[in-house]
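# Analysis of the macromolecular model
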Amino acid sequence: MLGSDVMRGYNDMLILSLLAERDSYGYEISKEIEKRAAGAYCIKETTLYSAFGRLEKQGLVAAYQGSETQGRPRTYYTITDAGRQFFGEKCAEWQVLKRVVDAFAKEE
Amino acid sequence: METVRNYVEALFSALPQTEDIVQMKRDMLFNLEEKFNALLQEGKNEHEAAGIVVASIGSAEELRSELGLDDVVAEAPVHMSREQIDPAILEEYRQYNDKKHLTVALAVALFIASPILYQLCAESFLRSELLGQVLMFGAVAAGVVLCILSGRRDSYYKEVFGLGGENESAPSSVAGESNGGIRYRWTGLFAGVSFPIAAMIYLCLGFFADLWHPGWIIFPICGVLTGVIGTIEYFRQTQ
């Protein structure tokens, strides 16, 4: 199970990846991350929601009020153009990171 | 769900209540409720669901570092936002905090000195056992008073500043236990238990066996042990 410090620097990218496919909201995103990571990573709520705040402030996502549930409209997030660009950069960075670390990792 | 709500409220209560943070708390609570209900739908009972949800939230430290609030300013008062800190109170608090260690050391010194005072008075030229006993218990009492006063000032500042704001090392875990400062948990526990027991033993020894002397020695022993435990706790928490 990956800890949050290992994933630091890529949490934003995970969220942007999902938003690039379609708009979504908090709980749905955390569920989807856990599902796609096949249980190897469960993003903490604190991480997730502070990420939303950060991404919105940086203009990488935009928030809007969606359908009502539990008596209140849900906050949905959509990715912006700047967000898509940042996501692309992170994907490229990951390829480089993968290569670098692989050069040092030993197979058990 | 109440359990979850309380946990989240506690988690956020130590943070500056800016609009962003309050909004984040609202969003979080909203989604956590959805998660909670989904778990109930799956057949979990309330306790299990609450447990799972709370476990997924993360700790106060993680929240702080995610929000970039790791520095001293993060310990800023809850009731006062960053802009509103009364510099006078903050300065007063810093001075008090520096001297707090001296106060603790003085209290411990008094505990240790108490039997010495007795010896000095009773067995030396003054030849007064009464004075020795008075000074001894007086020293212990003075040490206890210092500890109580220090504890009260801590509580006062804690109230004014909200939780935290005392320990400059790791930020405190709000939902957890510690509230900053040096927590003399074991010291308080030991003193609270040992002194009443010591009093009982002393009275028994005195009335049933006429062993007032050397029965009295049980008090300084408790005092010294309390002081030792207190010093251990102090050093363990400041490393």
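So, a few notes on the structure that sits alongside this text. As the structure is a prediction and not an experimental result, all values here were calculated from the model. (Residues numbered from 1 in each chain as written. Chains lettered and ligands numbered in written order. Predicted model: local features only at pLDDT ≥ 70, side-chain atom pairs only at ≥ 80, totals over all residues. Heavy atoms only, no water.)

Right, let's talk about the overall build of chain A for a bit. A tally of regular secondary structure across chain A gives four helices and three strands. Along chain A, helices and strands appear, N-terminal first, in the series α-β-α-α-β-β-α. Counting every position in chain A, which comprises 108 residues, the buried fraction comes to 37%. Just so you have it, chain A exposes about 6300 Å², and 54% of that area is on carbon and sulfur atoms. (Helix = DSSP H or I, 4+ residues; strand = E, 2+ residues; numbered from the N terminus. Buried < 20%, exposed > 50% of the residue type's maximum accessible area, 1.4 Å probe, protein only. Areas by Shrake-Rupley, 256 points an atom, 1.4 Å probe, with all protein chains shown as cover.)

Moving on, we get to the interface of chain A and chain B. It is common to give the size of an interface as the accessible area that goes away when the parts come together. Every contact between the two is made by 22 residues of chain A and, on the other side, 24 residues of chain B. Of the roughly 1900 Å² buried at the junction of chain A and chain B (both faces included), carbon and sulfur atoms supply 49%. When the buried surface of chain A facing chain B is broken down by residue, Y27, T46 and Q70 of chain A rank first, second and third, together holding 33% of it. On inspection of chain A and its partner chain B, the count reaches three salt bridges. R74 of chain A is the partner of E34 of chain B in a salt bridge, and the nearest nitrogen-oxygen pair spans 2.6 Å. In this structure, the connection of chain A to chain B is made through nine residue pairs in polar contact (both at pLDDT 80 or more). Within the residue set of the side of chain A that touches chain B, elements represented by two or more residues are helix 2 (26-36), helix 3 (45-57) and strand 3 (72-79) of chain A. Top element by residues in the side of chain A that touches chain B is helix 3 of chain A. It accounts for seven residues. The class makeup of the residues in the side of chain A that touches chain B is six nonpolar, nine polar and seven charged. (Contact = heavy atoms within 4.5 Å. Buried area = accessible area lost by both parts, 1.4 Å probe. Salt bridge = Lys/Arg side-chain N within 4 Å of Asp/Glu carboxyl O. Polar contact = N/O pair within 3.5 Å; in protein donor to acceptor, adjacent residues only side chain to side chain. Nonpolar A, V, L, I, M, F, W, Y, C, P; charged D, E, K, R; others polar.)

Right, let's talk about helix 4 (residues 81-104) of chain A for a bit. Residues and elements named next belong to chain A. In this model helix 4 runs 35 Å from its N-terminal to its C-terminal C-alpha over 24 residues, within 8% of the 34 Å that 1.5 Å per residue would give. Here helix 4 has its buried residues at G83, F87 and K90. Of the surrounding secondary structure, the elements contacted by the buried residues of helix 4 are helix 1 (11-21) and strand 3. (Expected span 1.5 Å × (residues − 1).)

Residue and element names in this part refer to chain B. Inspection of helix 3 (residues 46-55) places A49, A50, V53 and V54 among the buried residues, and these make up the whole buried set. Each buried residue of helix 3 lies within a common arc of 125° when the element is viewed along its axis, so the set occupies one face. In helix 3, the exposed positions that point more than 90 degrees away from the buried face belong to H47 and A55. Next to the buried residues of helix 3 lie helix 1 (2-13) and helix 2 (19-41). Sitting at the head of helix 3, N45 places a side-chain oxygen 2.9 Å from the backbone nitrogen of H47. (Arc of directions from axis to C-beta.)

Right, let's get into unusual backbone geometry. Of note, the amide linkage connecting H213 of chain B to P214 of chain B takes the cis form, showing an omega dihedral of 10°. Among the structural elements, P214 of chain B can be located in helix 8 (residues 212-215). Of note in the backbone geometry, A38 of chain A takes a positive phi value of approximately 55° without being a glycine. Judged by its relative accessible area of 69%, A38 of chain A falls in the exposed class. Phi at D210 of chain B takes a positive value of approximately 55°, unusual for a residue other than glycine. Tracing the backbone shows D210 of chain B in the loop between helix 7 (185-209) and helix 8.

Take it as geometry only, folks, not as evidence of what the structure does.
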